[in-house]
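Below, each chain spelled out in residue letters.
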Amino acid sequence: MVREWEKQEESLVILKDIKQKIEECLLQCEGKLVWEKEDEEIVAEIMRRRFFPALITHKAWEGFHFAGHEIRITEATDCYGAVVWPSALVLCYFLETNSKQYNLVDKNVIEIGAGTGLVSIVAGLLGALVTATDLPELLGNLHHNVLQNTKLKCKHQPCVKELSWGIDLEKNFPKSSCHFDYILAADVVYHHPFLDELLLTFDHLCRNDTVILWAMKFRLEKENQFVGRFQTLFDLEIQGFFNRQLHT
């Protein structure tokens, strides 16, 4: 009889354990569904910030609503750097919706790989002292977009400056006089041969109290490995991760 009771107790324990695992699995599935729904809602909200001209104009542009302003961005389809990529929209949304935690007012901010200037423009509209940087061939369009969307609208007028990753960093951005509270970067990690130079640039521009706000799309293994290399130099905290793809 004792052995029979022992078997029954053992069966009850197993059944309880199975029930607990099923409940845990259901909670995880429920949490995943909630997370995916929130994910979809955020992506939809980000994409609602984008609009196009009602009429075809001689110069192509697209518009965005961020920081309480209508922003018009001129793009160039013949160059990667002159196109608004999805990570830029994510970073703009993040800056706007996390403005209390990451208060940019009167902060020194530099954007590397600014491209069309959208992120720099939003940072400027949020009160930052912004330096928007990119390659020399992109500065004309970058300057045009920044000036068009920030003149007489910002507390501090953003400036545009050339920055080729890894080249003349101390000459153009001397450590003794350049101190940035924030470094902004959107979609700077993709299949290009300058990832070493990019890491060097991050390292040069950073101080102990500098915060890097970086949005990226996970693509190929080479680019994903960059994150691991980044962690050898900096403390990394993931603020958000979207399973849903933004299309631009």
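Chemist: Which parts of the structure should I look at to understand the pattern of salt bridges?
Modeler: As a working rule, side chains carrying opposite charge can pair if their charged atoms are close by. One pass over the full model with this rule turns up seven salt bridges. A salt bridge links Glu 62 to Arg 50, with the shortest nitrogen-to-oxygen separation between them at 2.7 Å. Here Glu 62, found in strand β2 (residues 61–66), pairs with Arg 50, found in strand β1 (residues 50–51); they are twelve residues apart in sequence, far enough to count as distant. The burial state of Glu 62 is the same as that of Arg 50; both residues are buried. Here Glu 70 ties to Arg 72 by a salt bridge, and the two come within 3.2 Å at their closest N and O atoms. For Glu 70, a relative accessible area of 37% puts it in the partly exposed group. What emerges from the salt-bridge pattern is a single network uniting Glu 45, Arg 48, Arg 49 and Glu 96.

Chemist: Is there a simple way to think about the sheet that holds β2 in this case?
Modeler: Remark on secondary structure: sheet strands pair via backbone hydrogen bonds, oriented parallel or antiparallel. Read from one edge to the other, the open sheet built from three strands follows the order β1-β2-β3, with strand pairing classed as antiparallel. Among the strands making up the open sheet, the edge pair consists of β1 and β3 (69–74). Judged from the six bridges that link them, β2 and β3 form a sheet pairing that is antiparallel. Paired with Gly 63 across the strands is Arg 72, a residue of β3. Strand contacts of helix α3 (residues 118–125): β2 and β3, with the helix running at about 155 degrees to β3, the strand carrying the most contacts.

Chemist: Looking at this structure, how should I read the packing of aromatic side chains?
Modeler: How two aromatic rings sit relative to each other is given by the distance of their centres and the angle of their planes. Summed over the entire model, instances satisfying the criterion amount to nine aromatic pairs. An angle of 45 degrees between the planes, with centres 6.1 Å apart, marks the rings of Phe 202 and Trp 214 as tilted. One end of the pair, Phe 202, is in helix α6 (residues 195–205); the other, Trp 214, is in strand β8 (residues 211–215), and twelve residues separate them in sequence. In terms of burial, Phe 202 and Trp 214 fall into one category: buried. Relative to Phe 230, the ring of Phe 202 lies with its centre 5.5 Å away and its plane at 85 degrees, an arrangement referred to as edge-to-face. Pair noted here: Phe 202 is in helix α6 and Phe 230 is in helix α7 (residues 221–231), with a separation of 28 residues, a long-range link. Among the residues examined, Phe 202 registers a relative accessible area of 0% and is labelled buried. The exposure class of Phe 230 is buried, given its relative accessible area of 3%. Site record: aromatic cluster; members linked through ring pairs are Phe 202, Trp 214, Phe 226, Phe 230 and Phe 234. The lysine or arginine in question, Lys 161, covers the ring of Phe 173, its NZ or CZ lying 4.3 Å from the ring centre.

Chemist: In this structure, what is going on with unusual backbone geometry? I would like to understand it.
Modeler: Trans is the common state for peptide bonds, and a negative phi is the common state for residues other than glycine. Look at Ala 67: it is not a glycine, yet its phi comes out positive at around 55 degrees. Mapped onto the fold, Ala 67 is located in the loop between β2 and β3. The exposure class of Ala 67 is buried, given its relative accessible area of 19%. With a phi close to 55 degrees, Asp 187 is a non-glycine residue in the positive phi region. Along the polypeptide, Asp 187 turns up in the loop between β7 (182–186) and α6.

Chemist: Help me out: how do you make sense of the pairing of β2 in this one?
Modeler: The side chains of a regular strand alternate between the sheet's two faces. Across the six residues of β2, five count as buried, placing the element largely inside the fold. Sheet topology note: the β1/β2 ladder contains two bridges and is antiparallel. What sits directly across from Phe 51, in β2, is Gly 63. Two successive antiparallel strands, β2 and β3, enclose a turn made up of two residues, where Ala 67 displays a positive phi of approximately 55 degrees.

Chemist: Honestly, the pairing of strand β4 (residues 108–111) in this entry has me stumped. Any pointers?
Modeler: The pairing of β4 with strand β5 (residues 129–134) spans four bridges and is parallel. Bridge assignment links Val 109 to a residue of β5, and that residue is Val 130. Each parallel crossover has a hand, and the one from β4 via α3 to β5 is right-handed. Note that β4 and β7 share three bridges and pair parallel. Across the sheet, Val 109 pairs through a bridge with Tyr 182, a residue of β7.

So, how was this worked out
- Residues numbered from 1 in each chain as written.
- Predicted model: local features only at pLDDT ≥ 70, side-chain atom pairs only at ≥ 80, totals over all residues.
- Heavy atoms only, no water.
- Salt bridge = Lys/Arg side-chain N within 4 Å of Asp/Glu carboxyl O.
- Helix = DSSP H or I, 4+ residues; strand = E, 2+ residues; numbered from the N terminus.
- Buried < 20%, exposed > 50% of the residue type's maximum accessible area, 1.4 Å probe, protein only.
- Pairing = 2+ DSSP bridges.
- Contact = heavy atoms within 4.5 Å.
- Axes fitted to C-alpha atoms, helices over the stretch in contact; angles between N-to-C directions.
- Phe/Tyr/Trp six-rings, centres within 6.5 Å; stacked < 30°, edge-to-face > 60°.
- Lys NZ or Arg CZ within 6 Å of the ring centre and 35° of its normal.
- Right-handed = clockwise from strand over helix to strand, strands pointing away.

Distances and angles like these do not, on their own, reveal function.
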